[in-house]
Every structure is written in structure tokens, then in C-alpha cells.
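A structural walkthrough
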Amino acid sequence: MKSLIQRLKKSFGPGVITGIADDDPSGIATYSQTGAIFGYGQLWLALFSYPFMVAIQEMCARIGLVTGTGLAGILKKHYSRPILFGAVAVLAITNIINLGADLGAMASATQLITPLSFVQALLILTAITIITEVFIPYPRYVSFLKYLALTVFAYIIAAFAIHQDWHTIFLSTIIPHFEWSTAYILNVTAMLGTTISPYLFFWQADEEVEEELMHHKIRAMGRGVPKITKGDISQMRADTVTGMFISNVVTFFIIITAAGTLGVNGITQITSAAQVAESLRPFAGEFASLLFTLGIVGTGLLAVPVLAGSAAYAISESFNWSEGLSKTFTQAKGFYLVIILATLTGILVNLSPINPMTMLYYAAILNGLLAPPLMILILLVGNNKKIMGERTNGKLGNILGVIITIIMSLLTLYFLYNIL
């Protein structure tokens, strides 16, 4: 068993870490609410979104891999600064909201299995996040994230710990179900905004560059063009495909767990991921509830650094600051200060009178609104031979990228129409 875990951990790259970070506590809450309110009615989205996630994340990873520069750095160099700064500002705001709500969900989950108070758990988890991301050298830090990634399997085991209507689940997965209602379409927007999130675009591109730094293919982020082989591209694609697959499988099982317990028992008001774990106990038993709780804490410890890190990369590249988790604090003070401030600001989110679930839900929608213009820029970069050389997008990637950009743009217009 130990050797299997070691092999799995070794095979996990930026794509797998990115995919699992997508199933953070805010994602858990959104998926749980989907299952509780709509039952299996939106389960098809887990299958539907998969090829689009792969296409977009593969473009982001390839941009980082081929150029040796993060996404914000590429946008700054080749496109309008107002567009860059607007995107980075919205990214930072949504990331901090997500980050704070994730910390709160983790603290609430920790209360279910320890005698700690909410404030104590919140401060301890915040300290762990900052210390590990800022002070642990990159190779060891990535190893830490890979171990945390294994906790995501708790959601899959939890789903099998309860009775499920597998025939209905199968049909709901392969046959899309539509309801032309504002609530239904708004939730689709939140689901896609949670699964195809801008912070993942920035993070994976930068982590591909970090990997190149670790293997001495470039001397610094944004400095020098690495020599890339077909093997490097193939490995990146396999890693991305695997990471997005794991992400969507977990999404699938979270939805069916909530639908098969909370939904069928009329519990549709979800305020946090921790509430889901607590609510599972009378319907699914202590074991499933414990697994769900451990999953929240484990994936949260992985996702919160990703949220803070992606904001730090984007801001640092926008202002030409020294950046990278491979650098020490003294070598990249601005970069690490953004991580620290973003994480500490996340604490303040938990003092807000706004319902955490409401905040998370609308942060997911904000992600959905920000994603289309960013995806347009990613498509332009991915097809630009001056930037990518011979490593431009393939035909299938372009088709999938254009389709999901159009879909999310239409959802954005629908959302704006309903609030204006």
C-alpha cells in the first residue's frame, strides 16, 4: 500500500494538484447545494464540463511550459494593460473571498472532530497555510501538496457508504436535464464558474514554470525560453487529463452524496461545506460524515495556498516583482507578502455578516463572469505563433475552447440581464 501511494504521489504533477484544488470547500458547498436542491438533475454537468476543462487547462499549462512565463506575464507583454489589471483585480477579490470562506469551512469542519473553538481552528489553519507556503522549499512543499491531494478520495468512499439509486444516476449523467428557470441557469453558471475557474488558469501556468525551474530548464520565471520536447508536452497533457478527470469524478460523487441524503430528505438550505458533513451523519452514518469532514480539511489545505498563490503570481507578474515558490522570502518579498496578506484578509471574510454560502455562491458566479474574457485571451495566446512557436493549439482544443467560451458568455449575459 505504501509503495502504491508513493507511485501515485510521484505521478502527480501541476495538473493533478490543480484539478484537486478545484474541489476546495467552496466547490464542495456548491456541488452539495446542487445535489440538495436539484437532486441528480445537474449531474450531467460533471461529465459535460470535463473535455472543456481539459482543453482550457491544457492551453494554460502549455503556455507556461513553452514560454517559461506565467499567464499574467504573457498578457502584460502582448496585450492591453487595462485588460490585465482589470482581470488581476477581479481575480484577487474573488480569490480572497473564496480563500476566506474556505478557511471558515475548514475551521467549522475541524470543530466536528476536535475540541477547538472556531476562532482557534481558524487561526491554526491560517498559520499552517502561511508557514508551509512561505517557508518550506518548493520541492518539499509540492510533496506536501501531493500528499494532501490523496484526501480527495474520501469523497468517493463516502458516496459508496450510503445507498444510491445507480440506475437513475447513470441516466442523469449521460442524459442532460434542462429547466428553463432562473435558479437552474444561475446554478449552472455557479457550477461552471467553480469548475472552470480563473485562478486555476493562472496557477497551473505558473506551476509548469516552477517545475522547469526545479529541473533547471530556465534560470528564473519569465527569463529565458525553455527547450521543450514532445515528451514534455505529452507528460503535461497526461497530467492535465488526469487532474481534470479526478476533479470531475469528485464533483460527481459529491453531488450524488448530497442528492442521495440531503436532497431526498428535503434539506436544501446549505450554508457551508461543514454543515453538509454534519447533516450527513443521521442519513449516511458516522463514517461517511467523518470522511466528508476529513476531505474538507485536506482539500482546503491544498486549495487555500493555490488561491493565495495564483493571486500572488498574477500581481507579481503585473508589477515585475520577483516571484515564485522556488524563491525564498528574502528573494521575493512582494510575492510572499501578497500570499500572507491575502490569507490574513481571508480571516476578515469570516467576520462579515454575509452568509458564507451566499458569499461563496456569488464568488463562483463572479468566476463564471470573469472566465469568458480570460478564455478568449488564452485562445489568442495559444494560437499566436510569435508566442508559442510550433506549440500552438490543436484543432480539437480550439473547437472545445470556443464552444465553452460561447456557452459561458451566454450564461454571463443571462445573469447580467436578470440583475439589471
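Relevant structure appears above.
1. Looking at the overall build of the chain
A tally of regular secondary structure across the chain gives 20 helices and 0 strands. Relative to its full complement of 420 residues, the chain shows a buried share of 60%. Considering only contacts within the chain whose residues lie at least 6 apart along the sequence, 82% involve residues at least 24 apart. Within the structure as shown, the chain displays about 16800 Å² of accessible surface, and the carbon and sulfur contribution to it stands at 68%.

2. Describing the nonpolar core
In this structure, F201 and L325 are the most contacted members of the largest nonpolar core, which totals 117 residues. Excluding its chain neighbours within four sequence positions, the residues that come into contact with L325 are E133, Y138, Y141, W203, E207, E210, Y313, F335, Y336 and I339. In this structure, L186, A190, I365 and F415 belong to the second largest nonpolar core, which totals 5 residues.

3. Details of the side chain of E207
Turning to its location among the elements, E207 is positioned in helix α13 (residues 198-214). When its relative accessible area of 3% is taken as the criterion, E207 is described as buried. Those residues within four positions of E207 in sequence are excluded, and the remaining contacts are P14, Y138, Y313 and L325.

4. Concerning the environment of L400
As for its position among the elements, L400 is in helix α20 (residues 395-419). On the basis of relative accessibility, which here comes to 18%, the residue L400 falls in the buried class. Residues L400 and A55, spaced 345 residues apart in sequence, show a C-alpha to C-alpha distance of 6.4 Å. Dropping the residues within four chain positions of it, L400 is found in contact with P51, F52 and A55.

5. Remarks on the packing of aromatic side chains
Two aromatic rings are characterised by how far apart their centres lie and by the angle between their planes. Evaluated as defined, the whole model comprises 15 aromatic pairs. Their ring planes at 70 degrees and their centres at 5.6 Å tell us that W44 and F48 sit as a pair that is edge-to-face. Here the residue W44 and the residue F48 both occupy positions in helix α4 (residues 44-48), the gap between them amounting to 4 residues, near one helical turn. Assessed through its relative accessible area of 29%, F48 is described here as partly exposed. With 6.1 Å between their ring centres and 75 degrees between their planes, Y50 and F245 make a pair best called edge-to-face. Note that Y50 is positioned in helix α5 (residues 50-67) and F245 in helix α14 (residues 230-261), a separation of 195 residues in sequence. The partly exposed category is assigned to F245, whose relative accessible area is 48%.

Rules used in this analysis
- Residues numbered from 1 in each chain as written.
- Predicted model: local features only at pLDDT ≥ 70, side-chain atom pairs only at ≥ 80, totals over all residues.
- Heavy atoms only, no water.
- Helix = DSSP H or I, 4+ residues; strand = E, 2+ residues; numbered from the N terminus.
- Buried < 20%, exposed > 50% of the residue type's maximum accessible area, 1.4 Å probe, protein only.
- Contact = heavy atoms within 4.5 Å.
- Areas by Shrake-Rupley, 256 points an atom, 1.4 Å probe, with all protein chains shown as cover.
- Core = buried A, V, L, I, M, F, W, Y, C linked by side-chain atoms within 4.5 Å.
- Phe/Tyr/Trp six-rings, centres within 6.5 Å; stacked < 30°, edge-to-face > 60°.

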